[in-house]
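Reading the structure
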Amino acid sequence: MTNDTGVIRAHSRFEKAAEALRAGHDRFVEELITLTEIPSPPFKEEKRAAAYEEMFRALGLEEVQRDGIGNVTGLRRGRGNGPIVVAASHLDTVFPEGTDVTVRREDTKLFAPGVGDDTKGLATLLAFIRALDAAGIETEQDILFVGDVGEEGKGDLRGIRYLFTENPYRERIASFFTFDGIDTQDLVTAGVGSYRYRVAFRGPGGHSLGAFGTVNPAYALGQFLVGMSRIEVPGDPRSSYCASTFQGGTSVNAIPEEVWTEIDLRSESAEVLDRVDGEVKALIEAAVKAENARGDTSNGEITVELTRIGNRPAGTTPHNSTIVEASVAAIRAYGFEPEFSASSTDANIPMSLGVPAVKFGHGGAGGRAHSLEEWVDVEPELSLRGQCAGLLALVATAGFVEK
């Protein structure tokens, strides 16, 4: 058994796997189009999951199923029948129900919402499975292929969180790939953590003239936002905060009874994230106290409800771990220079638990992710270089069995 990418790439069986990726490229494109045109809005991934489950079954994976939260899993058994390497891509897109997901093709470019993020990853996993089987490649560790739910937005990584906390495979997972994003050279080894809240200020309300002077939750919100804008965060580790959405009030001539905002706090550092979290909570309390001191509370005081709507833990994968070393070597083997980065992906969950994990790009070119004009270029040469690099990294991490 070897983890050496040079030895693996030069082996006749891996050469055969690379040839299978090339021979199957048209089928890969067809499956990408098929999957893209199955809507998979947030929290409503069932139709795409059902189709993906059938694709796993048709490829002969073992123990194919949808788990308790909706992830599609299928096992390609290795020699060891013990530790597992996960190869995952997410089923959900950011686009709401009713979005037109019809694929438009212009030469080698495909245009459609979600075609790249992360439907191309799902199709790439299918291509990997076929190539491994066509070449008769055996790995030391089992490979668990996963189409997971809930990666985007308020999905809050719920699919992979479940995989690591509830799924029966959880104790056996030794390393984790999420194939997400286009650029092969972009290797994510650090997870940007985020806390997200809905902050609702409430008060007694009243007529804008008749109840003038009554405490106003909008003023408490305003004071909080001004304070939040002055929080200092470092550039390294990269950190940020944002007040993102707002709603409240009933009429232009009425003191609102409720106003709310949703906020997003992020950092590559768990310590910085917790520090900013504490400052935000202190500002909220101060804003409530100040508005109750300022205005008339005879009909009621300002109160606040803080609801956490997202919690993505921060984490890192050491660069001397097998998965990173294999990924770096594989990326270089196909003519790219690795660029280490930090992002918020499914890999955050295993990273936070100490399980070595990376986000690996699925290759090719693309752009306009999360927009209605999202596109990918499936021109074979660049796409296949990226796919071969990803497959090489996966096989090297799982351990290539030499015969």
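Everything discussed here concerns the structure shown above.
Residues numbered from 1 in each chain as written. Predicted model: local features only at pLDDT ≥ 70, side-chain atom pairs only at ≥ 80, totals over all residues. Heavy atoms only, no water.

1. Some remarks on the environment of Thr5
Inspection of the secondary structure assignment puts Thr5 in helix H1 (residues 5-10). On the basis of relative accessible area, Thr5 is assigned to the buried category, the value being 10%. Taking C-alpha positions, Thr5 is 30 Å from Arg161, a pair spaced 156 residues apart along the chain. For Thr5, the residues in contact, after removing those within four places along its chain, are Ala326, Ala329, Ala330, Leu392 and Ala396. (Helix = DSSP H or I, 4+ residues; strand = E, 2+ residues; numbered from the N terminus. Buried < 20%, exposed > 50% of the residue type's maximum accessible area, 1.4 Å probe, protein only. Contact = heavy atoms within 4.5 Å.)

2. Focus on the environment of Arg27
Relative to the assigned elements, Arg27 resides in helix H3 (residues 25-36). Remark: the alpha-carbon pair of Arg27 and Tyr241, spanning 214 residues in sequence, is separated by 43 Å.

3. Some words on the packing of helix H2 (residues 12-23) against helix H11 (residues 380-398)
To describe two helices that pack against each other, one gives the angle between their axes and the distance between the axes. Direction vectors running N to C along H2 and H11 enclose 140°, while the axes themselves pass 10 Å from each other. It follows from the interaxial angle that H2 and H11 lie oblique. Considering the relative orientation of H2 and H11, their crossing is right-handed. The segment H2 lies against H11, with Phe14, Ala17, Ala18, Leu21 and Arg22 engaging Glu381, Leu384, Gln387, Cys388, Leu391 and Leu392. (Axes fitted to C-alpha atoms, helices over the stretch in contact; angles between N-to-C directions. Parallel < 35°, antiparallel > 145°, perpendicular 65-115°, else oblique. Left-handed = near helix turned anticlockwise from the far one by under 90°.)

4. Observations concerning the pattern of salt bridges
Side-chain pairing between opposite charges can occur once the charged atoms of the two side chains come close. The tally for this structure, following the rule as stated, stands at 29 salt bridges. In this structure, the salt-bridge partner of Glu31 is Arg130, at a minimum N-O distance of 3.1 Å. Here Arg130 lies in helix H5 (residues 119-135) and Glu31 lies in helix H3, a separation of 99 residues in the sequence. By the burial criterion, Glu31 is buried, and Arg130 matches it. Across the pair Asp186 and Lys359 runs a salt bridge, and its minimum N-O distance is 3.1 Å. Here Asp186, found in strand S8 (residues 186-191), pairs with Lys359, found in strand S17 (residues 357-360); they are 173 residues apart in sequence, far enough to count as distant. Among the charged side chains, a network of salt bridges with common partners joins Glu62, Glu63, Arg77, Asp142 and Arg172. (Salt bridge = Lys/Arg side-chain N within 4 Å of Asp/Glu carboxyl O.)

5. Quick look at the sheet that holds strand S4 (residues 104-106)
An order of S4-S5-S19-S18 is seen for the four strands of this open sheet, with the pairing classed as antiparallel. The open sheet terminates on both sides in strands that have one partner only, identified here as S4 and strand S18 (365-367). Each strand of the sheet is rotated relative to its neighbour by a mean of 15°, with strand direction disregarded. Bridging between S18 and strand S19 (residues 375-377) involves three bridges; their strand directions are antiparallel. Residue pairing across strands places Gly366 opposite Val376, the latter belonging to S19. Helix-sheet contacts for H3 involve S4, strand S5 (109-111) and S19, and the interaxial angle to S5 is about 10°. (Pairing = 2+ DSSP bridges.)

6. Section: the sheet that holds strand S14 (residues 303-312)
Taken together, four strands build an open sheet; the order of strands is S11-S13-S9-S14 and the sheet is antiparallel. Since the sheet does not close on itself, it has two edges, and those belong to strand S11 (239-248) and S14, each with one partner. Adjacent strand axes in the sheet meet at a mean angle of 15° when their direction is disregarded. Taken together, the 10 bridges between strand S9 (residues 193-202) and strand S13 (residues 258-267) define a ladder with antiparallel strand orientation. Following the sheet pairing, Val199 is matched in S13 by Thr261. Packed onto the sheet, helix H7 (residues 217-229) meets S9, S11 and S13 and runs at close to 15° relative to S13. Here helix H8 (residues 270-294) sits on the sheet in contact with S9, S11, S13 and S14, set at roughly 5° to S9.

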